[in-house]
Amino acid sequence: MKVLKFGGTSVGTVESISAVLEIVKKSYDNGEKPLVVLSAMSGVTNLLTKMAEHAATRLPFEDDLKFLEDRHFEVVKKLIAVKFQNPVFTKLKLMLNDLEEILQGVSALKELSAQSKDLIVSFGERFSNYMVSKVMEQYVAQTEFIDAAYYVKTDSNFGHAQVNEELTQQLIQSLSHSHADKLLFVTGFIGSNDKGRVTTLGRGGSDYTAAIFGAVLQASTIEIWTDVNGMLTADPRIVKKAFSQSVLSYTEAMELSYFGAKVIYPPTMIPAFLKKIPIVIRNTFEPDFPGTTIQFESGKSTFPIKGISSISDISVINLSGSGMIGKSGFSGRLFTLLAREQINVVLITQSSSEHSITFAVNPDDAPKAVDLIKAEFELELEANKLQVPVVEENLSVLAIVGENMKRTPGMSGRLFYALGRNGINVRAIAQGSSELNISVIIGKENLGKALNAVHDAFFAQLKKTLYVFNLGTGNIGATLFRQIAEQHNFLLENNDMEIKVVGISNSRKMVFDVEGIDLGSWTDTLEASGEVADLALFIDRMRTMNLPNCVFIDNTASKLPSTYYEEIFKANISIVTCNKIANSGTYAQYQLLHETARKHGVDFFYETNVGAGLPIVRVLKDLMLSGDRLVKIEAILSGTISYIFNNFVGEASFYETVKQAQALGYTEPDPRDDLGGVDFMRKMLILARDAGYALEPEDVDLGAILPQACLAASSVDDFYAELLKADSYFNSLKEQAASEGKVIRYVGKLENGHVSIALEMVDDSHPFYALSGSDNIISFTTERYKERPLVVKGPGAGAEVTAAGVFADLVNVGA
Ligand SMILES: NC(=O)c1ccc[n+]([C@@H]2O[C@H](COP(=O)([O-])OP(=O)(O)OC[C@H]3O[C@@H](n4cnc5c(N)ncnc54)[C@H](O)[C@@H]3O)[C@@H](O)[C@H]2O)c1
Ligand SMILES: N[C@@H](CCO)C(=O)O
Ligand code: NA
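- As annotated in an unreviewed UniProt entry, the protein chain carries the name Bifunctional aspartate kinase/homoserine dehydrogenase I and is attributed to Sphingobacterium griseoflavum.
- Recorded in UniProt under Function (unreviewed entry), the annotation for the protein chain is "Bifunctional aspartate kinase and homoserine dehydrogenase that catalyzes the first and the third steps toward the synthesis of lysine, methionine and threonine from aspartate."
- We quote the UniProt Subunit (unreviewed entry) comment for the protein chain here in full: "Homotetramer."

Written out as structure tokens, the structure is:
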């Protein structure tokens, strides 16, 4: 046989009761011999409590009584055929009259005893079970309503009565014999004492009833039907990716529910636990979902932990002092004291020096705990052997739970890495010696971020979400958005990764959306709902949104963002940038940024600073990391200038060719940066620094391409005007090269720690002779690549390839 227990929400409405009927009918028809336990309709128990309290103070309760009647009568009207309704109305009405009389009695006496309260509250289960059994009777004639008060015998501890197991077992067994072929609807939550007075079983009482019946009747399973898909891996209100675990051991379920997962109340499971009867948590509103099975064995699992539980609000009390050292009785005295006063200690840690004890309690209990400690240890305090207890507030507990942790090394490493990488400070740690649970105490403001980060870290096969704040929506920014949008499904399917762009700013406007800005319509969103751009505010918002796996992308050509990089790293946010300014300012700044990123365990990726999407920065980095030594770099690293000299041939004019390069998106926003050599200088400087040379910008020997007048132009327009005038100068260069069978190349070199960039004319024997389009080329001569250099070549400018490089950096963040 099976026990099917339905909670209040499952019997809350006509619709949900219809769903319950389907589930019970199916089980009955399948020959599973179900026994059904129902809670009161949702809200009814609370309402009855309120009515009882009102009665005791002579406040009116009649309207509430009418409301109760209406709610139950509505179900009867809708779910029972008219010809069968009358006797059901009559019986419900009789029960309502009983209830009213009892309430009147309470009102007359102006006194509400625990006993009367239990009796009043018990009506909720009796209404619902009687009513639903009558609905069921239309389909299964053998249906019968059972008032559990006659079978579950308890002591007289009203409100949370203790069950007399032996007696209860006998009574239930005889019930099952006399009702062998019946479909029973049993009231949850209630029992009675030896005098026959109704008692209630306290929190989780209906689950307890189900477990008691299941245990006595040796049920194959006990199904707890509720409104969620089982026990989830984390609080779904905070962790959107939380999912239902298919199997948990009893102990795991206890640990998980201890810290938050309120699906079941663990003590109610004990009768089932002792008989090794599996409990299955299922969803009435999604009956095909298999739910969570709670059983004796933890079962095999793809994940090293079963879930993450949390308590959002906790206070920590710290006790320290020399008086504790070697005093074996100290913690015994402390915790006996707290237990005696019913202060629940959530977590304890003690340093191995025994110099201090830290424990966590519910914030409401903290002041009382401190007072108790002060009184109990008065002498120690006076003698200065103990310091006055210190309370820390606004803390949360996060715990990873799972029996498989025992057998898996590295679990705490993974936990602390995830927390550390996201800048979450751990205040205290506790691991049960069972290794079933590792708990950490963290600042309350970080709980959401921590839960998500830890969830990603342990359920890594699941989707990982990167939260992106992007600055700059020009050539590169806009192209990047398009690429991310196009690859959304690919990333999900192949990399289990989702990129959410949650903040966008250009120099005019900015917009935020924690759910991710739709990249199909970001321009409209920015125009319609964007606020005035303010970089300081943008950074501030990014920080306060406090998201896990957070990345800042700088797709601007401005200096301003780089002044915030240090602060961004300190907030444990990674940076991806195609903007070269941060890495090519002073060496001190370069060093500081790299150092800060390293210290905070976040990524600083800037592959597109050199040669756009071509793998140059990472190639050099790999060479250096693996201990190779750089001998020489020779390179053409200006896509714009490469394009110009590849196309400034025949009849072409220099001026027009520059304009084309700009139109094709190769140039910097200000093309003088390209033609003046600054852009190339930056790239060479970055490579030199990455190769270990502490160079400053002025150390680079920068040969000019342009006549002085062009260099001196005060605006882009002036610059183009000067360029037009310089046509004859460039034509003569072109002719000279042609006459010598050469081509013009702007070549950078790094050798012996010295960087130079100069215009050269090379013939076809030179490896840089054959280039086309915006091609870049770089050759690394190293200790290992000595005879023939390592060469990277390809398009080194343009929105498509640059955005692709930024994209690649982005998906590698945290990898
Ligand atoms: N074009 C290429 O081939 C290429 C290759 C590699 C790297 N890059 C780099 O890409 C970057 C962007 O180039 P682009 O062609 O897209 O430039 P762009 O002029 O088209 O776009 C720049 C964007 O930055 C925004 N912006 C500027 N200052 C800002 C601020 N303070 N706050 C917020 N937004 C700001 C602008 O509003 C604009 O949206 C540059 O640093 C460039 O060096 C370009
Ligand atoms: N303006 C740059 C873009 C690539 O960094 C160039 O022409 O090389
Ligand atoms: Na690159």
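### Some words on the nonpolar core
Stage number 1. If you look at the biggest cluster of nonpolar residues, it comprises 81 residues, and the most contacted ones within it are F552, L723 and F780.
Stage number 2. Core analysis: the next-biggest nonpolar cluster, separate from the first, contains 48 residues, M51, V75, L96 and L99 among them.

### Here we look at the packing of aromatic side chains
Stage number 1. Scanning the entire structure with this criterion turns up 27 aromatic pairs.
Stage number 2. With 5.7 Å between their ring centres and 55° between their planes, F243 and F303 make a pair best called tilted. One end of the pair, F243, is in the loop between β7 (221–226) and β8 (247–249); the other, F303, is in the loop between β10 (292–295) and β11 (307–320), with 60 residues separating them in the sequence.
Stage number 3. With a centroid separation of 5.2 Å and 85° between ring planes, the pair formed by F243 and F459 is classed as edge-to-face. Linking F243 in the loop between β7 and β8 with F459 in the loop between α14 (447–458) and β17 (464–471), this pair joins segments that are 216 residues apart in sequence.
Stage number 4. One aromatic cluster in this structure is built from F552, Y565, F569, F604 and Y606.
Stage number 5. Between the NZ or CZ atom of K25 and the centre of the ring of Y139, over which it lies, the distance is 3.9 Å.
Stage number 6. Cation over ring: K659 sits above Y720, and NZ or CZ is 4.0 Å from the ring centre.

### A short note on unusual backbone geometry
Stage number 1. Even without being glycine, F189 reaches a positive phi, approximately 80°.
Stage number 2. With respect to the helices, strands and loops of the structure, F189 is situated in the loop between β4 (183–187) and β5 (190–192).
Stage number 3. Taking relative accessible area as the criterion, F189 reaches 13% and is therefore assigned buried.
Stage number 4. Unusually for a residue other than glycine, N546 sits at a positive phi of about 50°.
Stage number 5. For N546, the position within the fold is in the loop between α18 (535–545) and β21 (550–554).

### Quick look at the coordination of the sodium ion (ligand 3)
For a metal bound by four donors in a tetrahedral arrangement, the ideal donor-metal-donor angle is 109.5 degrees, while six donors in an octahedral arrangement ideally sit at 90 or 180 degrees.
Stage number 1. Only E607 (O), E607 (OE), V610 (O), A612 (O) and L614 (O) from the protein reach the sodium ion (ligand 3) as donors, at distances of 2.3 to 2.5 Å.
Stage number 2. Here the donor residues of the sodium ion (ligand 3) share one chain and are spaced in sequence as E-x2-V-x1-A-x1-L.
Stage number 3. Owing to a relative accessible area of 5%, A612 belongs among the buried residues under this scheme.

### So, the pattern of salt bridges
If charged atoms from side chains of opposite charge come close, those side chains can pair.
Stage number 1. Here the structure, examined in full by the defined rule, presents 43 salt bridges.
Stage number 2. The closest approach of N and O atoms between E32 and K2, which form a salt bridge, is 3.2 Å. Linking E32 in the loop between α1 (14–29) and β2 (34–38) with K2 in strand β1 (residues 2–6), this pair joins segments that are 30 residues apart in sequence.
Stage number 3. On the basis of relative accessibility, which here comes to 26%, the residue E32 falls in the partly exposed class.
Stage number 4. The class for K2 is buried, based on a relative accessible area of 14%.
Stage number 5. Ionic pairing is found between E527 and R508, a salt bridge with its closest N-O pair at 2.9 Å. Taken together, the residues E527 in helix α17 (residues 522–529) and R508 in the loop between β18 (497–505) and β19 (509–512) connect sequence positions 19 residues apart.
Stage number 6. The class for E527 is partly exposed, based on a relative accessible area of 41%.

### As for the environment of K599
Stage number 1. With respect to the helices, strands and loops of the structure, K599 is situated in helix α20 (residues 587–599).
Stage number 2. Measuring from C-alpha to C-alpha, the distance between K599 and K570 comes to 8.6 Å, with 29 residues separating the pair along the chain.

### Examining the packing of helix α13 (residues 411–421) against α14
Stage number 1. Between α13 and α14, whose axes approach to 9 Å, the crossing angle comes to 135°. As summarised for this structure, α13 and α14 are arranged oblique, according to the angle between their axes. Judged by the twist between their axes, the crossing of α13 over α14 is right-handed. Taken together, the residues of α14 that come into contact with α13 (itself represented by M411, R414, L415, A418 and L419) are A450, A453, V454, A457 and F458.

### Quick word on the site of ligand 1
Stage number 1. As a structural note, the neighbourhood of ligand 1 is formed by 23 residues, with I476, S507, T556, E668 and G798 the closest of them.
Stage number 2. At 3.2 Å, a side-chain N or O of K580 approaches an oxygen atom of ligand 1.
Stage number 3. For ligand 1, the protein covers 84% of the area, taking 850 Å² as the surface of the free molecule.
Stage number 4. A per-class count over the shell around ligand 1 returns 6 nonpolar, 15 polar and 2 charged.

### Considerations on the packing of helix α15 (residues 475–486) against helix α29 (residues 799–811)
Stage number 1. Where α15 contacts α29, the two axes come as close as 8 Å, and the packing angle between them is 60°. When the axes of α15 and α29 are compared, the crossing they make is right-handed. Residues N475, I476, T479, L480, R482, Q483 and I484 of α15 lie in contact with α29, whose contacting residues are A799, E800, T802, A803, A804, V806, F807 and L810.
Stage number 2. Of the residues assigned to the contact of α15 with α29, the class counts are 9 nonpolar, 4 polar and 2 charged.

### Some remarks on the sheet that holds strand β13 (residues 356–361)
Adjacent strands of a sheet form backbone hydrogen bonds with each other and so pair up, either parallel or antiparallel.
Stage number 1. Read across the open sheet, the 6 strands follow the order β12-β13-β11-β14-β16-β15; overall the sheet is antiparallel. For this open sheet the edge positions go to β12 (345–350) and β15 (426–431), each flanked by a neighbour on one side alone. Adjacent strand axes in the sheet meet at a mean angle of 30° when their direction is disregarded.
Stage number 2. With 9 bridges joining them, β11 and strand β14 (residues 390–401) adopt antiparallel strand pairing. Along β14, the bridge assignment pairs V316 with E392.
Stage number 3. Helix α10 (residues 329–340) contacts β11, β12 and β13 of the sheet and is inclined by roughly 15° relative to β13.

### Brief notes about the site of ligand 2
Stage number 1. Looking at ligand 2, there are 13 residues lining it, with G639, T640, Y666, E668 and K683 nearest.
Stage number 2. In this structure, an oxygen atom belonging to ligand 2 sits 2.7 Å away from a main-chain N or O atom of G639.
Stage number 3. With respect to ligand 2, the side chain of K683 contributes an N or O atom lying 2.8 Å from an oxygen atom.
Stage number 4. Contact with the protein chains removes 93% of the 250 Å² of surface that ligand 2 exposes when unbound.
Stage number 5. Among the secondary structure elements, those contributing two or more residues to the shell around ligand 2 are α22 (639–647) and α25 (678–690).
Stage number 6. The residue makeup of the shell around ligand 2, split by class, is 3 nonpolar, 5 polar and 5 charged.

About the criteria used
Residues numbered from 1 in each chain as written. Chains lettered and ligands numbered in written order. Predicted model: local features only at pLDDT ≥ 70, side-chain atom pairs only at ≥ 80, totals over all residues. Heavy atoms only, no water. UniProt positions renumbered as here; feature names shortened; annotations may be inferred. Core = buried A, V, L, I, M, F, W, Y, C linked by side-chain atoms within 4.5 Å. Buried < 20%, exposed > 50% of the residue type's maximum accessible area, 1.4 Å probe, protein only. Phe/Tyr/Trp six-rings, centres within 6.5 Å; stacked < 30°, edge-to-face > 60°. Helix = DSSP H or I, 4+ residues; strand = E, 2+ residues; numbered from the N terminus. Lys NZ or Arg CZ within 6 Å of the ring centre and 35° of its normal. Donors = N, O, S within 2.8 Å, 3.2 Å for Na, K, Ca; no water. Salt bridge = Lys/Arg side-chain N within 4 Å of Asp/Glu carboxyl O. Axes fitted to C-alpha atoms, helices over the stretch in contact; angles between N-to-C directions. Parallel < 35°, antiparallel > 145°, perpendicular 65-115°, else oblique. Left-handed = near helix turned anticlockwise from the far one by under 90°. Contact = heavy atoms within 4.5 Å. Near = heavy atom within 4 Å. Polar contact = N/O pair within 3.5 Å; in protein donor to acceptor, adjacent residues only side chain to side chain. Areas by Shrake-Rupley, 256 points an atom, 1.4 Å probe, with all protein chains shown as cover. Nonpolar A, V, L, I, M, F, W, Y, C, P; charged D, E, K, R; others polar. Pairing = 2+ DSSP bridges.

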